[in-house]
Amino acid sequence: MRLGYITELIKELVYSGSLHPRYASLVENFIRVSGEDASLVLLKFVDDYVLSKAIAKMYSLRWTDRIEGAVSSFQDMALINSDVAYTYLFSVDYVKKLLLAGGKRVEIVIVPYSVFQEKKFELRVDAEPQKRVDYLSERIRFGQENMERLLNYVMEQAYYRKASDVHVEFTGRGGLIRFREGGVLIPFVSLTPEIYTSLINAIKARINRAGEPRDKRKDGSFSMVFAGDEFDVRVVVMPASPYVEVGEYTNERCVLRLLRKGSGSSYSLSKLGLSDEEYDVIRIARDASYGIVLTSGPTSSGKTTTMYAMLNSINALDRKIVSVEDPIEYQNYYLWWQHQITQNMSFDEIIKGILREDPDVCLVGEVRDPVSASALIKLAGTGHLTFSTIHANNAFEVIRRLVDLGVEEKDVLEYGVLFMGQRLLRKSCPYCRKQRPMTRAEKMLFGIKEDVVVVYNEGCPQCGYSGSTKEKELVIELLPVYDEEIKKAIARREVFDYRSCFELVRERYGFRSMVEKAIELAVKGEVSIDEVVNKVR
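Note that residues are indexed from 1 along each chain, following the sequence as it is written. Per-residue local features of the predicted model are confined to residues with pLDDT of at least 70, and side-chain atom pairs are confined, for both listing and counting, to 80 or more; whole-chain, interface and lining totals are unaffected and use all residues. Side-chain metrics rest on all non-hydrogen atoms present in the structure, leaving aside hydrogens and water.

Enquirer: Tell me about the packing of helix α17 (residues 484–491) against helix α18 (residues 498–509), and please be specific about residues and values.
Expert: Lines fitted to the C-alpha atoms define the axes, with helices restricted to the stretch that makes contact. Angles between their N-to-C directions range from 0 to 180 degrees. Here a helix means four or more residues in a row that DSSP labels H or I, a strand means two or more in a row labelled E, and each is numbered from the N terminus. Relative orientation of the contacting elements α17 and α18 amounts to 160°, with a least axis distance of 11 Å. Between α17 and α18, the crossing angle belongs to the class labelled roughly antiparallel. The crossing of α17 and α18 is right-handed. Contacts between α17 and α18 involve E485, I486 and A489 from the first element and L504, V505, R508 and Y509 from the second. Oblique is the label for any angle not under 35 degrees, not over 145, and not in the 65 to 115 range, which are roughly parallel, roughly antiparallel and roughly perpendicular in turn. Each crossing is labelled by how the near helix is turned from the far one, with a counterclockwise turn of less than a right angle marking it left-handed and a clockwise turn marking it right-handed. Here a residue-residue contact requires only that any non-hydrogen atoms of the pair lie within 4.5 Å.

Written out as C-alpha cells, the structure is:
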C-alpha cells in the first residue's frame, strides 16, 4: 500500500468536499493502524461512487459503474473476464501483482464497491437450490453429512440473495423455507418432515436451546461470516398454535433475521434519490439543535437505512451520537456509542444512562410502545436531537400513531422536526412489461380523476414469473413539522388527512407525496401499478 498515495487520495477527497477536513487525519490514522485497504476504511466516511472515481483518477485508470459480460471472482479482490479485471480496492498495485502471478494480463478497471458486491453476490446465487438441498438431505440421511452443512448452505444463499429474513415453516407434509427479499416472501426449497425436524433441532442447538420443550417459545442469536462479511442472526422458534405433536417430527416454526455488522456507516444521503429541495429540508432537520426526526413505513421499507444515512451525514467530531437499539441492526465503530437492550440493561436504564453521557444526537431504534414513545419526548424535551423509526402508513399518520401511543398532540407538534414516509418498490421486469389504462377502482383508490396509462407485468422466465427485478426504487415523502405554518394548520385541523396535508406541503415546498411519486414511476414504466397498489395505497 502506497502511504503517500493515501495522503494524496485523502487530500483529493477533502478538496472535492467529499470528506470533512476534520476527518482527514483521523481517517489516515485508521488506515495506517488497521492495516485494512484504504478503500474499506474510507467507505465508512465517503460515498462509494465518489471514492471509486477518486481512485481511478489517481491511478489514471478507467472507471465504470457497470460490469459487463460473464465474470469470475479472483480471490475476492477482482472480478475478471477475458480482458478486464474489475476492482474497487485502493491497492491497485497489489491486485495487479496477484493477477500477473496468476498469468492474467488484463486491463484493471475501477468500479464502486456496491456495484462490485452486487455482481459478486450474483455469481454465488445457486440457480437450482432444490437439487442441492435434496443432495445434502440424502447424504445426511445416510450419515455422510451433518445438518450443520445444510443450515450453513441455507444461510449462505440467504446472504447472497440479500434476504432480510429466513422463514422455516411446517406445511403439514414437510417443511418449506422462504426468503424475504425486497420485502416479499419467496419460496426457496421444500424439505421432508425428517429433514425439517433435524434442521429445526440444529437451529435450536446453534442458539443453545436444544432439549427444551417444543411447546415453548425460544429466542437466541448466533454469528456467521461469508465472504469476509460478518453478520448476526437473530432467531425465534415458535410452537404451532395450538401446539400438536406430529409423531416423531416437530411442527415448530422458525424465523431467522440477518443483521449485517459494520455496514451502517456506509449509508449515504446521496443514495436516497432526493431532489435538491428535499435534501435541503433534510439538512435543516439534521442540523436542528433538538427535536424529533421520524421515518415511517412497514417492515423492509428501508427505514433504518434512511436513519443511518442521516446520522452518517452529521459531523460526529462536533456532536456526540448515542443510540439505544434492540437489536443493533448495523454496527458503527466510528464515533458512535451504540447501546443494546439486554436482560441486564433495560430500556429505561439505558435512557437514564444516555442522559448522563452528555449526547447531542440520540437514536432510538424503533418507537413500538408507550415506553419508547415517552422516551422520545423525554430526550427531545431535554435538548437532544432524536432520530427514530415507527410503523405508520405515511408521514402524516406518524402524528396519530404517536398519539395512540400516549403522546399528547401538543408535544408531537412542539418537538416534531421532520416526519418521513417511505416504501421500497421492486422495479418492473423489462421483458414482460406492458401498458394499460388505470382502472376505475385504482383511480378511486388514489384520488385520480384523469385517465392515466400505467405499466403492469405478466411475468416471464427472465424474472421467474414475478414481474419484477431484484432492483428496488425508494419513494420517500417529507413532512417538515418545523414549519410553523404547517404546525398551525395541523393544530387548527385545517389539515385533517393525508391528502389535505400534502396539498399544503406541495403549496409551500413543491414536494409530492409518496403516492404521487409511486404513480409517476408506474407511468414511466419503472415499477408496475400492481406493486404501487400493493405497497403504497
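Now, onward.
Enquirer: Outline the packing of aromatic side chains, supporting the account with residue identities and numerical values.
Expert: Each Phe, Tyr or Trp ring (for Trp, its six-membered ring) is paired with any other whose centre lies within 6.5 Å, and the angle between the two planes then decides the class: stacked below 30 degrees, edge-to-face above 60, tilted in between. If you walk through the whole model with that rule in mind, you get 15 aromatic pairs. Measuring from ring centre to ring centre gives 5.0 Å for F121 and Y159, while their planes differ by 50°; the resulting arrangement is tilted. Residue F121 is found in helix α6 (residues 113–124), and its partner Y159 is found in helix α8 (residues 147–160); the two are separated by 38 residues along the sequence. When sorted by exposure, F121 lands in the same class as Y159, which is buried. Here the aromatic cluster, defined as three or more aromatic residues joined through ring pairs, consists of F121, Y159, Y160, F226 and F231. We note K53 situated over the ring of W63; from NZ or CZ to the ring centre the distance is 4.8 Å. Lysine NZ or arginine CZ positioned within 6 Å of the ring centre and within 35 degrees of the ring normal marks a charge as sitting over the ring. For R206, the ring lying beneath its charged end belongs to F222, and the centroid distance is 4.9 Å. We call a residue buried when its accessible area falls under 20% of the maximum for its residue type, exposed when it is over 50%, and partly exposed in between, using a 1.4 Å probe and counting protein chains only.

Enquirer: Provide a residue-level description of the pattern of salt bridges, including the pertinent values.
Expert: Salt bridges are defined as contacts in which a side-chain nitrogen from Lys or Arg sits within 4 Å of a carboxyl oxygen from Asp or Glu. Applying the stated rule across the entire model yields 37 salt bridges. Among the salt bridges present, the one from R149 reaches E145, with a minimum N-O distance of 3.2 Å. The residue R493 makes a salt bridge to E409 at a minimum N-O spacing of 2.8 Å. Pair noted here: R493 is in the loop between α17 and α18 and E409 is in helix α15 (residues 409–415), with a separation of 84 residues, a long-range link. What you see here is one network of salt bridges that share partners, running through R139, E145 and R149.

Enquirer: Please provide a residue-by-residue account of the pairing of strand β10 (residues 229–238), values included.
Expert: Any two strands are treated as partners once DSSP identifies two or more bridges connecting them. Bridge analysis of strand β9 (residues 218–226) against β10 gives nine bridges, and the strand direction is antiparallel. Among the inter-strand pairings, M224 is bridged to a residue of β10, identified as F231.

Enquirer: Please give an account of the environment of C362 that cites residues and values.
Expert: In this structure, C362 sits in strand β15 (residues 361–367). Sequence separation between C362 and D215 is 147 residues; the distance between their C-alpha atoms is 39 Å. Ignoring any residue separated from it by four or fewer positions in sequence, one finds C362 in contact with V322, I354, L379, H384, L385, T386 and F387.

Enquirer: Could you give an account of the pairing of β15, with specific residues and numbers?
Expert: Of all seven residues making up β15, five are buried, and the element is well covered by its neighbours. Note: strand β13 (residues 321–325) against β15, four bridges, orientation parallel. Across the sheet, residue I321 finds its bridge partner in β15, namely V361. Bridging between β15 and strand β16 (residues 385–390) involves five bridges; their strand directions are parallel. Bridge pairing in β16 places L363 opposite F387. Once you follow β15 into helix α13 (residues 370–381) and on to β16, the crossover reads as right-handed. Looking down the strands as they point away from the viewer, one classifies a crossover as right-handed if the path from the first strand across the helix to the second runs clockwise.

Enquirer: Break down helix α12 (residues 347–356) for me, citing the residues and quoting the values.
Expert: For α12, the full list of buried residues reads F347, I350, I351 and I354. Seen from one end, α12 has its buried residues packed into an arc of 100°, which puts them on one side. Within α12, the exposed residues directed more than 90 degrees away from the buried face are K352 and R356. Among the residues trailing α12, D358 stands out with phi positive, at a value near 55°. Comment: arc refers to directions from the helix axis out to C-beta atoms.

Enquirer: Mind laying out the confidence of the model for the protein, listing which residues take part and the relevant values?
Expert: What pLDDT conveys is the predictor's confidence in a given residue, as a value from 0 to 100. Chain-level statistics for the protein give a pLDDT mean of 86 and a share of 93% at 70 or above. Confidence scores differ between elements of the protein, with strand β14 (residues 336–340) showing the lowest mean pLDDT of 72 and strand β12 (residues 291–296) the highest of 96.

Enquirer: So what's going on with the nonpolar core? Which residues, and what values?
Expert: Core analysis: the largest hydrophobic core is formed by 84 residues, its most contacted members being V293, F387, L402, F419 and V532. Not counting residues up to four positions away in its chain, the partners in contact with V532 are L425, F446, A518, I519, A522, V527 and R537. Definition of nonpolar core: a set of buried residues of the types Ala, Val, Leu, Ile, Met, Phe, Trp, Tyr and Cys, connected through side-chain atoms within 4.5 Å. Among the nonpolar cores identified, the runner-up in size contains 44 residues, and V41, I55, V84 and Y86 belong to it.

Enquirer: If you had to explain the sheet that holds strand β4 (residues 84–87) to someone new, which residues and values would you point to?
Expert: Ordered in space as β1-β5-β4-β3-β2, the five strands form an open sheet in which the pairing is mixed. Sheet topology places β1 (62–63) and β2 (72–74) at the edges, where each strand pairs with a single neighbour. Looking at chain direction, β2 and strand β3 (residues 78–80) are connected through three bridges and run antiparallel. From the neighbouring strand, F74 faces β3, where its bridge partner is A78.

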